[in-house]
Amino acid sequence: MLVRTADLVTDARAAGTGLAAFNVITLEHAEAIAAGAERAGRPAILQISENAVKFHGGRLSAVAAATTAVARAADAPLALHLDHVESVDLLRQAHAEGFGSVMFDASRLTHGDNVKATAEAVRWGHERGIWVEAELGRIGGKDGEPPLDAHAPGVRTDPAEAAAYVADTGVDALAVAVGSTHAMTERTATLDHALIARLRDAVPVPLVLHGSSGVPDTELRAAVAAGMVKINVGTALNTAYTAAVRAFLTEDPKSVDPRRYLRPAREAMTETVTAFLRLLSR
Ligand code: G3H
Ligand code: ZN
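All values derive from a computational prediction rather than experimental measurement.

(A) Spotlight on the side chain of Lys230. For Lys230, the position within the fold is in strand S9 (residues 228–233). A distance of 3.2 Å separates polar atoms of two side chains, one belonging to Lys230 and the other to Gln47. A distance of 2.8 Å separates a polar atom in the side chain of Lys230 from a polar atom in the side chain of Glu133. Those residues within four positions of Lys230 in sequence are excluded, and the remaining contacts are Leu19, Ala21, Ile45, Gln47, His81, Trp131, Glu133, Leu207, Val208 and Leu209.

(B) How the structure looks around the packing of helix H10 (residues 235–251) against helix H11 (residues 258–281). It is at 8 Å that the axes of H10 and H11 come closest, and there the two elements cross at 145°. Read as a crossing pair, H10 and H11 show a hand that is right-handed. Side by side, H10 and H11 meet where Ala236, Leu237, Ala240, Tyr241, Ala244, Val245, Phe248 and Leu249 of the first sit next to Arg260, Tyr261, Leu262, Pro264, Ala265, Ala268, Met269, Thr272, Val273 and Phe276 of the second. In the contact of H10 with H11, the residues fall into 16 nonpolar, 1 polar and 1 charged.

(C) Looking closely at the nonpolar core. Membership of the largest hydrophobic core comes to 80 residues, with the highest contact counts inside it found for Phe22, Ile48, Leu60, Leu82, Leu174, Val178 and Met228. Of the residues forming this core, the biggest block, 9 residues, is contributed by H11. When residues no more than four places from it in sequence are discounted, the contact partners of Met228 are Val176, Val178, Ile196, Leu207, Val208, Leu209 and Ala223. Within the second largest apolar cluster, 15 residues are counted, among which are Ala12, Ile45, Trp131 and Ala173.

(D) Here's a closer look at the coordination of the zinc ion (ligand 2). His84 (NE2), His182 (NE2) and His210 (ND1) make up the full set of protein donors to the zinc ion (ligand 2), lying at 2.1 Å. Written as a sequence motif, the donor residues of the zinc ion (ligand 2) are H-x97-H-x27-H. Within this pair, whereas His84 is found in strand S4 (residues 78–85), its partner His182 is found in the loop between strand S7 (173–176) and helix H8 (193–202), the two being separated by 98 residues in sequence. When sorted by exposure, His84 lands in the same class as His182, which is buried.

(E) Here's a closer look at the packing of aromatic side chains. Per the stated rule, a full pass over the model turns up 1 aromatic pair. An angle of 70° between the planes, with centres 6.4 Å apart, marks the rings of Phe22 and Phe276 as edge-to-face. Remark: Phe276 occurs in helix H11 and Phe22 occurs in strand S2 (residues 19–23); sequence separation between them is 254 residues. The two residues Phe22 and Phe276 agree in class, both being buried.

(F) Representation of empty space enclosed by the protein. Scanning the entire structure with this criterion turns up 1 cavity of 30 Å³ or more. Taken as a whole, the largest cavity spans an internal volume of roughly 70 Å³.

(G) Representation of the site of ligand 1 within the structure. Inspection of the region around ligand 1 gives 14 residues, with Asp83, Ala183, Gly211, Ser213 and Thr235 positioned closest. Taking 310 Å² as the accessible area of ligand 1 by itself, protein coverage stands at 94%. The cavity where ligand 1 resides is the largest pocket. Of all elements in the fold, only S4 and S9 reach the threshold of two or more residues within the shell around ligand 1.

(H) Region of the structure containing the pattern of salt bridges. Tallied over the full model, the rule gives 13 salt bridges. As a salt-bridge pair, Glu127 and Arg128 come within 3.5 Å of each other at their nearest N and O atoms. With relative accessibility at 33%, the residue Arg128 sits in the partly exposed group. Note that Arg156 and Asp192 form a salt bridge whose closest N and O atoms lie 2.9 Å from each other. Linking Arg156 in the loop between strand S6 (131–136) and helix H7 (159–169) with Asp192 in the loop between S7 and H8, this pair joins segments that are 36 residues apart in sequence. Classification of Asp192 by relative accessible area gives partly exposed; the value is 24%. Put simply, Arg39, Glu267 and Glu271 are held in one network by salt bridges that share partners.

(I) Structural context of the pairing of S2. Counted residue by residue, S2 has 5 buried out of 5 residues, so it is predominantly covered. In S2, alternate side chains face the same way, and those of Leu19, Ala21 and Asn23 on one face and Ala20 and Phe22 on the other are all buried. Bridge count between S2 and S9: 4 bridges; the pairing is parallel. Note on S9: the bridge partner recorded for Leu19 is Lys230. Here S2 runs beside strand S3 (residues 44–49); their pairing, made up of 3 bridges, is parallel. If you follow Ala21 over to S3, its bridge partner there is Ile45.

Scoring rules and cut-offs
- Residues numbered from 1 in each chain as written.
- Chains lettered and ligands numbered in written order.
- Predicted model: local features only at pLDDT ≥ 70, side-chain atom pairs only at ≥ 80, totals over all residues.
- Heavy atoms only, no water.
- Helix = DSSP H or I, 4+ residues; strand = E, 2+ residues; numbered from the N terminus.
- Polar contact = N/O pair within 3.5 Å; in protein donor to acceptor, adjacent residues only side chain to side chain.
- Contact = heavy atoms within 4.5 Å.
- Axes fitted to C-alpha atoms, helices over the stretch in contact; angles between N-to-C directions.
- Left-handed = near helix turned anticlockwise from the far one by under 90°.
- Nonpolar A, V, L, I, M, F, W, Y, C, P; charged D, E, K, R; others polar.
- Core = buried A, V, L, I, M, F, W, Y, C linked by side-chain atoms within 4.5 Å.
- Buried < 20%, exposed > 50% of the residue type's maximum accessible area, 1.4 Å probe, protein only.
- Donors = N, O, S within 2.8 Å, 3.2 Å for Na, K, Ca; no water.
- Phe/Tyr/Trp six-rings, centres within 6.5 Å; stacked < 30°, edge-to-face > 60°.
- 1 Å grid on protein atoms, 1.4 Å probe; cavity = no way out; pocket = protein on both sides within 12 Å on 5 of 7 lines; lining within 4 Å.
- Points joined across faces, edges and corners; volume = space filled by probe spheres on them.
- Near = heavy atom within 4 Å.
- Areas by Shrake-Rupley, 256 points an atom, 1.4 Å probe, with all protein chains shown as cover.
- Sits in = over half its atoms within 2 Å of the grid points.
- Salt bridge = Lys/Arg side-chain N within 4 Å of Asp/Glu carboxyl O.
- Pairing = 2+ DSSP bridges.

The structure is reproduced here in structure tokens:
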């Protein structure tokens, strides 16, 4: 069933559990996330990033409609979220396309411009009942850029700056840089759990961990225990999908029917989703 991100986040925060948000690229991703949520008996967020919209020719409607239909038909509570939106034009489509939440990503701007643009996005969103997440600090690793040195000054999120940023922008949730980076294909990241706890104490809104594909199970559980609420996972699904397709086609190189290799690919993503959801519910 289709529910709202704000409600899932509120419930997860109150329960002290992590709420996983998985990135949708193709219909099979959406189906796998729904099936994994049903298998684990847990809610989840289906999120579509600006990069995924670019992959679909810059058109949000078809991928949003398909993802919404999958969520509505599922037996698990699923919310729809627009992720890493840098384009104000795309942001403005969120409401009409049925999104209850967005992540407005002004992290590439200077601090002053980030605050200004994010406050404006929040004002626009709140007038329409849209929950808005933003990022402070640099999580890095997007769009093929090399991972940032998480120990370099100015990369990790400072708790006092985070508190001021939340007050100045009015955001509903804050993505913070605490040691993870996007697009990791190995789960080797180590997080700064003391910093997560300081951020949790300093800011009044729930914290979001991006780049969670590269974070090992023990680190993820400790991050949730320290105060992380929304846990974003993208690359891990693609790693599972591609490995399954590669294995199938290596075994059967003459196969041409995509259903033959997309079925195991979708099942591999479902297993990945189920494992993350079970891990974060404990
Ligand atoms: O916003 C999406 C996430 O941060 C996904 O990151 O692909 O490294 O898991 P990931
Ligand atoms: Zn992200």
